[in-house]
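Residues per chain are reported as follows:
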Amino acid sequence: MKVSVSILKEYDRLINAVNKVNQSKADFLHIDVMDGKFVDNQKFPLEVVKDIKKISKKPLDVHLMIENHELIKKYADIIPDYLTFHVEVINDSSLIKYVKSIGVKVGLAINPETDIKCLMPYVGDVDLVLFMSVTPGYGGQIFKEEVIDKIKEFKKVAPSDLIISVDGGVNDKNVSLCKYAGCNMVVAGSYVTNNDDYDKSIRDLR
Ligand code: DX5
Ligand code: ZN
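Residues numbered from 1 in each chain as written. Chains lettered and ligands numbered in written order. Predicted model: local features only at pLDDT ≥ 70, side-chain atom pairs only at ≥ 80, totals over all residues. Heavy atoms only, no water.

1. Digging into the layout of surface pockets
Rules: Any residue with an atom within 4 Å of a point lines the site, the site being either a cavity, points on a 1 Å grid over the protein atoms alone where a 1.4 Å probe fits but cannot get out, or a pocket, an open set with protein on both sides within 12 Å along at least 5 of 7 lines. Grid points are joined across faces, edges and corners, and a volume is the space filled by probe spheres set on the points. What counts as a helix is a DSSP run of H or I of at least four residues, what counts as a strand is a run of E of at least two, and both are numbered from the N terminus. Polar here means any residue other than Ala, Val, Leu, Ile, Met, Phe, Trp, Tyr, Cys and Pro, which are nonpolar, and Asp, Glu, Lys and Arg, which are charged; Gly is therefore polar.
Considered as a void within the structure, the largest pocket measures approximately 320 Å³ in volume. Taken together, 28 residues form the lining of the largest pocket, with Gly 139, Gly 140, Gly 168, Gly 169 and Gly 189 sitting closest to its centre. Elements with a minimum of two residues in the lining of the largest pocket: strand S2 (28–35), strand S4 (60–65), strand S9 (185–188) and helix H7 (190–193). The residue inventory of the lining of the largest pocket, partitioned by class, reads 13 nonpolar, twelve polar and three charged.

If you want it as structure tokens, here you go:
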């Protein structure tokens, strides 16, 4: 199981958190970008993500909870390893094509209440699908177990090389549900960053 560590809840001590992820066995550093419209929180402006890229030793897994396509392209232009935006903000595959054309791997995120049918037109074009297991906006929320059935349904039709990830409230108790549903990656924020020893929590999630 790949583990991507979200530093959302460490926003007030970012450099410290990035360094701790650098020193850990995390596979990715997950950055949650929020516009105050798609979700009612605002975080990680463009310049902050650029600065994080300079000091991160881990591949960047940038999760955009933003609506504006021009702004999505600006985050893509930072060239993170993975750029994930929400299926709820697109009507066609033009953004996916743009992001791929500049050499960035593309993820599509889906909110808990959105039908997996919405993913179908795009599954062949993306590298990763990110199932939200909380209403996006904040770290430290409770994992919604309904997502597990959704992931199982999706897994039946997903291309075999697609990365299936889950984000929100992931911990040592629910990670096995995610694994058996078909996830090969999890995003974990507070479960990792609330523990002084990041690697201890990361090990519990593998
Ligand atoms: C929620 C974010 C998540 C969040 C995860 O909107 O997308 O990445 O930071 O944090 P935890 O694991 O604390 O729910
Ligand atoms: Zn996220």
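2. Description of the packing of aromatic side chains
Stated formally: Two rings from Phe, Tyr or Trp (for Trp, the six-membered ring) form a pair when their centres sit within 6.5 Å of each other. Planes less than 30 degrees apart are called stacked, planes more than 60 degrees apart edge-to-face, and all others tilted. Any residue under 20% of the maximum accessible area for its type is buried, any over 50% is exposed, and the rest in between are partly exposed; the area is computed with a 1.4 Å probe on protein chains only. The criterion is that NZ of a Lys, or CZ of an Arg, lies within 6 Å of the ring centre and within 35 degrees of the ring normal, and then a charge sits over that ring.
Scanning all chains against the criterion turns up three aromatic pairs. When the ring of Tyr 11 is compared with that of Phe 44, the centres are 4.8 Å apart and the planes differ by 85°; the resulting orientation is edge-to-face. Of the two residues, Tyr 11 sits in the loop between strand S1 (2–6) and helix H1 (14–23) while Phe 44 sits in the loop between strand S3 (42–43) and helix H2 (46–55), which places them 33 residues apart along the sequence. For Phe 44, a relative accessible area of 0% translates into the label buried. The cationic tip of Lys 43 hangs over the ring face of Tyr 11; the distance from NZ or CZ to the ring centre is 5.1 Å. One residue, Lys 73, lies across the ring of Tyr 98, its end atom 5.4 Å from the ring centre.

Purely geometric stuff here, so don't read any function into it on its own.
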